[in-house]
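Here is what each chain is made of, one letter per residue.
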Amino acid sequence: LLLFFPERSNLAGVRHILLVLSGKGGVGKSTISTELALSLRHSGKKVGILDVDLCGPSIPRMFRVQDNDVHQCDSGWVPVFADQDKSISLMSIGFLLEKPDDAVVWRGPKKNALIKQFVADVAWGDLDFLIVDTPPGTSDEHISTVEALRPYKPLGAILVTTPQAVSVGDVRRELTFCKKTGLRVLGIVENMSGFVCPHCSECTNIFSKGGGEELAKHAGVPFLGSVPLDPQLSQSLEEGRDFIQEFPKSSAFPALTHIAQQILDGALQQSS
């Protein structure tokens, strides 16, 4: 699995790197990563997603490319393209497993080696944004990812929470991780924030509400917005319909467009 390619930074053509983090599992990091990539693409940007969730890679499934293989070129691994325009490129361990049901039963050092290789050896070409989708927690994979990306000066991290107190508590620990590792927090996103009825468009708060906003205020970091639950979007994914086509019709689309705009504004400020 570990191959070595000539020394030349494959991230040289990547303008901005974003990490999507959360201390909690099941809050929708992969969904937010996917939706954010689609929103940025909608703004005319070229986007890559690096999936470093080695034990639960779900990005390939999100884009219906789970049967694709990764090929090699002179400068490393060629990412898998999610669309014909090649405006979204993906890399995940999901593409490297022989069978989709294979479990990745690895200790820390082996995980760390693959993450370093993902950072060094994927030939992304020119990208406006590289979104790094991470597993839950603050352990091996996170430390390896942050350390491997540090020379490339990431734009920062987006923290994802759901409204309940138990999730907000875990994300608070992720804020501490960012502080300790010197990773800038771009803001907090509250996912699954209310359910939009497909019939009457009324929004019902299935969980509680406002936990993410409260945490952002308390921590002194920006609150990027709330993203509602959209059962139709989930259904389109379950049925294998084209997420890229379905997403602009979703009730989550305006919220993600607003979040993406704040990321674009932040990137513009950093560039100037």
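Just above sits the structure.
Draft legend 1. Fine view of the overall build of the protein chain. Helices and strands together make up the secondary structure of the protein chain, namely 9 helices and 11 strands. Since a compact globule built from 272 residues should have a radius of gyration of about 19 Å, the 18 Å found for the protein chain is in line with a globular shape. Taken along the three principal axes of its C-alpha coordinates, the protein chain extends 55 × 40 × 40 Å. The buried share of the protein chain, reckoned over its 272 residues, is 52%. In the protein chain, the proportion of contacts linking residues at least 24 apart, taken out of those at least 6 apart, comes to 79%. Side-chain charges in the protein chain split into 26 positive and 31 negative, and the spacing between the mean points of these groups amounts to 6 Å.

Draft legend 2. Spatial organisation of helix 1 (residues 29–42). Spanning 14 residues, helix 1 covers 20 Å between terminal C-alpha atoms, matching the ideal 20 Å at 1.5 Å per step. Summarising burial for helix 1: 11 of the 14 residues are buried, a large majority. Lys29, Ser30, Ile32, Ser33, Thr34, Glu35, Leu36, Ala37, Leu38, Ser39 and Leu40 are the residues of helix 1 that are buried. Just downstream of helix 1, Gly44 is the residue with a positive phi angle, here 90°.

Draft legend 3. Looking closely at the packing of helix 4 (residues 140–149) against helix 5 (residues 165–181). Running from N to C, helix 4 and helix 5 point in directions that differ by 35°, and their axes come no closer than 12 Å. Considering the relative orientation of helix 4 and helix 5, their crossing is right-handed. Here His142, Ile143 and Val146 of helix 4 lie close against helix 5, whose contacting residues are Glu174, Phe177 and Thr181. Here the residues of the contact of helix 4 with helix 5 sort into 3 nonpolar, 2 polar and 1 charged.

Draft legend 4. Seen up close, the side chain of Thr181. Structurally, the position occupied by Thr181 is in helix 5. By relative accessible area, which is 17% here, Thr181 ends up buried. Apart from the residues within four sequence positions on either side, Thr181 is in contact with Val146 and Arg150.

Draft legend 5. Structural view of the pairing of strand 1 (residues 14–21). Most of strand 1 is tucked away: 7 of the 8 residues are buried. With 6 bridges joining them, strand 1 and strand 7 (residues 127–133) adopt parallel strand pairing. Paired with Ile17 across the strands is Leu130, a residue of strand 7. Note that strand 1 and strand 8 (residues 156–161) share 4 bridges and pair parallel. Residue pairing in the sheet places Leu18 in a bridge with Gly156 of strand 8.

Conventions we followed
Residues numbered from 1 in each chain as written. Predicted model: local features only at pLDDT ≥ 70, side-chain atom pairs only at ≥ 80, totals over all residues. Heavy atoms only, no water. Helix = DSSP H or I, 4+ residues; strand = E, 2+ residues; numbered from the N terminus. Rg over C-alpha atoms; globule rule 2.2 N^0.38 Å. Buried < 20%, exposed > 50% of the residue type's maximum accessible area, 1.4 Å probe, protein only. Contact = heavy atoms within 4.5 Å. Lys, Arg positive; Asp, Glu negative; His and termini not counted. Charge placed at Lys NZ, Arg CZ, Asp CG, Glu CD. Expected span 1.5 Å × (residues − 1). Axes fitted to C-alpha atoms, helices over the stretch in contact; angles between N-to-C directions. Left-handed = near helix turned anticlockwise from the far one by under 90°. Nonpolar A, V, L, I, M, F, W, Y, C, P; charged D, E, K, R; others polar. Pairing = 2+ DSSP bridges.

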